Amino acid sequence: MKLEVFDPPMCCSSGVCEPDVDPALTQFAADLEGLNRRGVEVCRYNLAHEPMAFARNTTVRDELQADEGCLPLVLLNGKIVSKCAYPSGEFLASVIAEETEHVS
Amino acid sequence: MFPEPTLSLMDVQTRHLFFTGKGGVGKTSLACAAAVALADAGKRVLLVSTDPASNLQHVFYTDIDEKTPTAIEGVENLYALNLDPEEAAGTYRDRVIGPVRGVLPEATVREMEEQLSGACTTEIAAFDEFTALLADPQATAGFEHVVFDTAPTGHTLRLLSLPNAWTGFLDTNTSGTSCLGPLAGLEKQRQQYKAAVDALADGAATTLVLVSRPQRSALAEAARTSEELAELKIRNQRLALNGLMPEPRCDDPLALALRRRDESALADMPEALKALPVDRIPLQPHNLVGVPALRALLMNMESAIDEPAEITEYLPPIPTGPLYDLVDEIEKDGHGLVMVMGKGGVGKTTLAAAIAVELAGRGNEVNLTTTDPAAHLDSTVHGEVDMLKISRIDPQVETERYRSHIMETKGKDLDSKGRAMLEEDLRSPCTEEIAVFKAFSKAIREGGRKFVVMDTAPTGHTLLLLDATGAYHRDIVRHVKEGTRFATPMMQLQDPAQTKMLLVTLPETTPVLEAAALQEDLRRAGIEPWAWIINASLAASGPTDPLLAARALSELEQIGKVQREMAHRTALVPWAVEEPTGSENLRQLLFFANNTIRQEVHT
């Protein structure tokens, strides 16, 4: 099970350099930690620092070409499960449960 | 071979010497002079500049390489390196963005570029340049001393010493990273950074020279820097007081006042500085260029003026108008936003007050919004001018409010490491800028009806970030109902009919270069500064003291440069001994002293 997060470019990913701090960001980070502890492989990319990760992933690249505002993008096993905003922990749990069922 | 230098600075035994202080205090001059003196004493010396505004070339009349130490002609054993952090930051940007250009959408690439164009990226890039020289013995092998004309800030050093800063990158990278983002791409090893930080904190290896002007606010800032660095265990510090007014040779009231001001500031020296070894360097008649001038500096000569009487006859004709002329032009529009911006310490607050008082005195309705921490404008101008309303924004209060808001919201679920990281991110200079600008945005909207004069402005970088993240857009949607006539605040700032950006600088090399950098930054955001104000000009205050007259003459080069190469309009403001208070004293800043001569300018 692999969860990938493609963040918009952030000069600091805590987001505090920016005028609006998204409170969802902190919660999201905590949720990811939780998932990681439960064995989900989590990879997170910041566009400002690792743009190649965006360019190499055709799903992400195509989505960006189609909709520049699509970040943050969340991919589960290579498929987009969420875009434009940071999803909630419940949402993540439910898509992961679905995917687990689907795989088995 | 040369006379013994009289400054105790020269007894420094450590291998590394760092000079730190605000732009324009003379870091580069002192670093160059120290390097020359050490080399004259028979040591092999490497002089390193990482200051974006450095002018080593200019000081030594030699092109100085960025990779290989360049031998300085006329000084045996002295070599110099000129590292440009702007260029390092640019190289880094290209390396990150280059491969995805044309692959990712154009707008996305632009947004990335902006994210990597902030002051933090440059600062980290500068530190990256230091580390190789500090941590890698090979890089400086064969040199007995390495002299740096800048030093990393406390913010940078604290970020680097937070273990959490690294784990974000080196470990799983699940929780997002930090301000250190730019560092990640610079591909340096953690060990190397650690070695560099350790070398800085090793008193046997490193001396840190705090360079300050002998003035109250400058000394207060030097004291803050001293304490901040001492907390980071950088305790081998010295103080260099640069530009002390010598005993005046005639009864020029300006010279006497300057002397008194220096004396009173030194009498009240901040506690943190009192224990440090001190060197006092007198005010020089000319800008320091060339090896003989540098040698003379550390001989601590009384003053280099030989024939006092002559120079007073040659007070320079001034090629630009006073601030009064600029206010005439501002007044024509009948309303608008006037933003007075510039680096700290150039006199933004006082000039904003002078402009506001004059506009109001002429019968215009004016709202002066100021960040003046002492609020002394409030008490001195208040009630004196009918049409003037003063509102205050306390940057510390605003920043603190913003910080605690973030810590309470964002920080509440973080573990202690995460909180430490977040707290450090919140100490970045951007935080204050954003917090203050948020507080200002209310005042901005009044510019359509009356004059709104503000003593600060956001940088282009902040504006672009604000614009990109859509915070601005949301802001408008919220306020458009109030019947404002502009489309977006960004557009209001870009339109010279609505907003006039006045860029303040001092008639000296580094402050002019720093203001030019601010101008470039605003231009990236599509904002063209409307005028430049050159503050604290001796030329405009008509000194008769020979030393001050010589300094006045040396200002002309920078004034001319601003006029020819930088500004659409230029105004010159006379130097004021005390911070002017009260509307009458403020108005005096609008004119030149009586004994000055205006140069005829043909247009």
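Counting of residues starts from 1 at the beginning of each chain's written sequence and follows it residue by residue. Going through the entries in the order they are written, you letter the chains from A and number the ligands from 1. Residue-level local features of this predicted model are given only where pLDDT is at least 70; pairs of side-chain atoms are given and counted only at 80 or more, and the full residue set underlies all totals for whole chains, interfaces and linings. With hydrogens and water set aside, each side-chain value is computed from the structure's full complement of heavy atoms.

Colleague: For the overall build of chain A, give the residues involved together with the corresponding values.
Modeller: Assigned secondary structure in chain A consists of four helices and four strands. The secondary structure elements of chain A, listed N-terminal to C-terminal, are β-α-β-α-α-β-β-α. If you take every contact in chain A between residues at least 6 apart in sequence, the share linking residues at least 24 apart comes to 56%. Only runs of H or I of at least four residues qualify as helices and only runs of E of at least two qualify as strands under DSSP, and these elements are numbered from the N terminus. The contact criterion used is simple: two residues touch if any of their non-hydrogen atoms lie within 4.5 Å.

Colleague: Describe the overall build of chain B, listing the residues and the values that go with them.
Modeller: In terms of helices and strands, chain B carries 26 helices and 18 strands. For chain B, contacts bridging at least 24 residues in sequence account for 77% of all contacts bridging at least 6.

Colleague: Can you explain the environment of Asn82(B)? Please cite residues and give values.
Modeller: Residue and element names in this part refer to chain B. Position of Asn82 among the secondary structure elements: in strand E4 (residues 78–82). Along the primary structure Asn82 and Thr70 are separated by twelve residues, whereas in three dimensions their C-alpha atoms are 9.1 Å apart. Here a polar contact means two N or O atoms within 3.5 Å. Within protein one must be a hydrogen donor candidate and the other an acceptor candidate, and residues neighboring in sequence count only if both atoms are side-chain atoms. Polar contacts involving the side chain of Asn82 include one to the side chain of Gln57, which spans 2.7 Å.

Colleague: Outline the packing of helix H1 (residues 27–40) of chain B against helix H13 (residues 291–298) of chain B, supporting the account with residue identities and numerical values.
Modeller: Residue and element names in this part refer to chain B. Fitted lines through C-alpha atoms give the axes, limited to the stretch in contact for helices. The angle between two N-to-C directions lies from 0 to 180 degrees. The geometry of H1 relative to H13 is characterised by a closest axis approach of 9 Å and an angle of 90° between their N-to-C directions. When the axis of H1 is compared with that of H13, the two are roughly perpendicular. Contacts from Ser29, Leu30, Cys32, Ala33, Ala34, Val36, Ala37 and Asp40 of H1 reach H13 at Val291, Leu294, Arg295, Leu297 and Leu298. The cut-offs work like this: below 35 degrees is roughly parallel, past 145 is roughly antiparallel, 65 to 115 is roughly perpendicular, and the gaps in between are oblique.

Colleague: Would you mind going over the sheet that holds strand E2 (residues 41–46) of chain A in detail, with residue names and values included?
Modeller: All names here are of chain A. Paired strands, in this sense, are two strands between which DSSP finds at least two bridges. If you walk across this open sheet you meet the four strands as E2-E1-E3-E4, and the pairing is mixed. A single partner strand is all that each edge strand has here, and the edge strands are E2 and strand E4 (79–82). For this sheet, the mean inter-axis angle between neighbouring strands, taken without regard to orientation, is 25°. Note that strand E1 (residues 2–7) and strand E3 (residues 73–76) share four bridges and pair antiparallel. Of the residues in E3, the one forming a bridge with Phe6 is Leu73. Along the sheet, helix H3 (residues 58–66) contacts E1, E3 and E4; its crossing angle with E3, the most-contacted strand, is approximately 150°.

Colleague: I'd love a proper account of the packing of helix H15 (residues 323–331) of chain B against helix H16 (residues 348–361) of chain B, names of residues and values included.
Modeller: Residue and element names in this part refer to chain B. Running from N to C, H15 and H16 point in directions that differ by 55°, and their axes come no closer than 10 Å. Classified by the angle their axes make, H15 and H16 are oblique. Crossing handedness for the pair H15 and H16: right-handed. Every residue of H16 that contacts H15 at Leu323, Tyr324, Val327, Ile330 and Glu331 is listed here: Leu351, Ile355, Glu358 and Leu359. Residues are grouped as follows: Ala, Val, Leu, Ile, Met, Phe, Trp, Tyr, Cys and Pro are nonpolar; Asp, Glu, Lys and Arg are charged; all remaining types, including Gly, are polar. Residue classes in the contact of H15 with H16 are distributed as seven nonpolar, no polar and two charged. Left-handed describes a crossing in which the near helix is turned anticlockwise from the far one by less than a right angle; the clockwise case is right-handed.

Colleague: Let's hear about the pairing of E4(B): which residues, and what values?
Modeller: All names here are of chain B. The classification of residues rests on relative accessible area computed with a 1.4 Å probe and restricted to protein chains. Under 20% of the type maximum is buried, over 50% is exposed, and intermediate values are partly exposed. Along E4, four of the five residues are buried, which leaves the element largely enclosed by surrounding structure. Direction of pairing for strand E2 (residues 45–49) relative to E4: parallel, over a ladder of five bridges. When the bridges of E4 are listed, Ser49 appears paired with Asn82. Direction of pairing for strand E3 (residues 70–71) relative to E4: antiparallel, over a ladder of two bridges.

Colleague: Quick rundown of the side chain of Arg295(B)? Include the residues and the values.
Modeller: With respect to the helices and strands, the residue Arg295(B) is situated in helix H13. A polar atom in the side chain of Arg295(B) sits 2.6 Å from the side chain of Asp40(B).

Colleague: Can you lay out helix H18 (residues 395–409) of chain B for me, pointing to particular residues and giving the numbers?
Modeller: Residues and elements named next belong to chain B. To estimate how far a helix should extend, the number of its residues minus one is multiplied by 1.5 Å. The end-to-end C-alpha distance of H18, which contains 15 residues, comes to 21 Å, matching closely the 21 Å that a straight helix rising 1.5 Å per residue would cover. For H18, the set of buried residues is Pro395, Glu398, Thr399, Tyr402, Ile406 and Met407. The buried residues of H18 all sit within an arc of 165° when viewed along its axis, so they share a single face. Across H18 from its buried face, at more than 90 degrees, point the exposed residues Gln396 and Glu408. Note: the arc covers the axis-to-C-beta directions of the helix.

Colleague: Hey, could you go over helix H4 (residues 89–103) of chain A for me, with residue numbers and the actual values?
Modeller: All names here are of chain A. Helix length check: H4, at 15 residues, gives a terminal C-alpha distance of 21 Å against a target of 21 Å (1.5 Å per residue), a fit within 8%. Along H4, the residues classified as buried are Leu92, Val95, Ile96 and Glu99. The buried residues of H4 occupy an angular sector of 100° when projected down its axis, which confines them to one face. Across from the buried face of H4, at angles greater than 90 degrees, the exposed residues are Glu90, Glu98 and Glu101.

Colleague: Which residues make up the sheet that holds strand E14 (residues 451–454) of chain B, and what values do they have?
Modeller: Residue and element names in this part refer to chain B. In spatial order, the strands read E10-E17-E16-E15-E11-E14-E12-E13; together these eight strands make up an open sheet with parallel pairing. The open sheet terminates on both sides in strands that have one partner only, identified here as strand E10 (321–322) and strand E13 (388–392). The pairing of strand E16 (residues 531–537) with strand E17 (residues 570–574) spans four bridges and is parallel. Considered in E17, the bridge of Ile534 is made with Leu572. Along the sheet, H16 contacts strand E11 (336–341), strand E12 (366–370), E13, E14, strand E15 (499–505), E16 and E17; its crossing angle with E12, the most-contacted strand, is approximately 170°. Helix-sheet contacts for helix H25 (residues 546–566) involve E16 and E17, and the interaxial angle to E16 is about 175°.

Colleague: How would you summarise the pattern of salt bridges if you had to cite specific residues and measurements?
Modeller: Salt bridges are counted wherever a side-chain nitrogen of Lys or Arg sits within 4 Å of a carboxyl oxygen of Asp or Glu. On inspection of all chains with the given rule, the structure shows 27 salt bridges over all chains. Across the salt bridge formed by Asp67(A) and Lys83(A), the nearest N and O atoms sit 3.6 Å from each other. Taken together, the residues span a long stretch of sequence, with Asp67(A) in the loop between H3 and E3 and Lys83(A) in the loop between E4 and H4 at a distance of 16 residues. Asp67(A) sits in the partly exposed class, given a relative accessible area of 27%. With a shortest N-O distance of 3.6 Å, Arg238(B) and Asp279(B) are connected by a salt bridge. Of this pair, Arg238(B) sits in strand E7 (residues 237–244) while Asp279(B) sits in strand E8 (residues 278–282), and the two are 41 residues apart along the sequence. What you see here is one network of salt bridges that share partners, running through Asp328(B), Glu331(B), Glu358(B), Arg362(B) and Arg587(B).

Colleague: Could you give me a rundown of the confidence of the model for chain A, with the residues and numbers involved?
Modeller: In regions of low pLDDT, the predicted coordinates are not meant to be interpreted in detail. pLDDT measures the predictor's confidence residue by residue and takes values from 0 up to 100. Residue-level pLDDT values for chain A average 81, and 84% of them are 70 or greater. Low confidence marks residues 13–19 of chain A, where pLDDT is under 50. Its contacts with residues over four positions away, or in another chain, come to 36 contacts.

Colleague: Can you tell me about the nonpolar core, naming the residues and giving the values?
Modeller: All names here are of chain B. Working definition of a nonpolar core: buried Ala, Val, Leu, Ile, Met, Phe, Trp, Tyr and Cys residues. They are joined through side-chain atoms within 4.5 Å. Residues Met339, Met454, Trp532 and Leu548 are the most contacted members of the largest nonpolar core, which totals 49 residues. Domain ranges listed in this record stem from an automatic or a database domain assignment. Counting contributing residues, this core receives three or more from each of domain 1 (13–297) and domain 2 (317–598). Dropping the residues within four chain positions of it, Trp532 is found in contact with Leu503, Thr505, Val512, Ala515, Ala516, Gln519, Val562, Met566, Ala567, Arg569, Thr570 and Ala571. Judged by nonpolar contacts, the second largest core, of 36 residues, contains Ala33, Val36, Val45 and Ile72.

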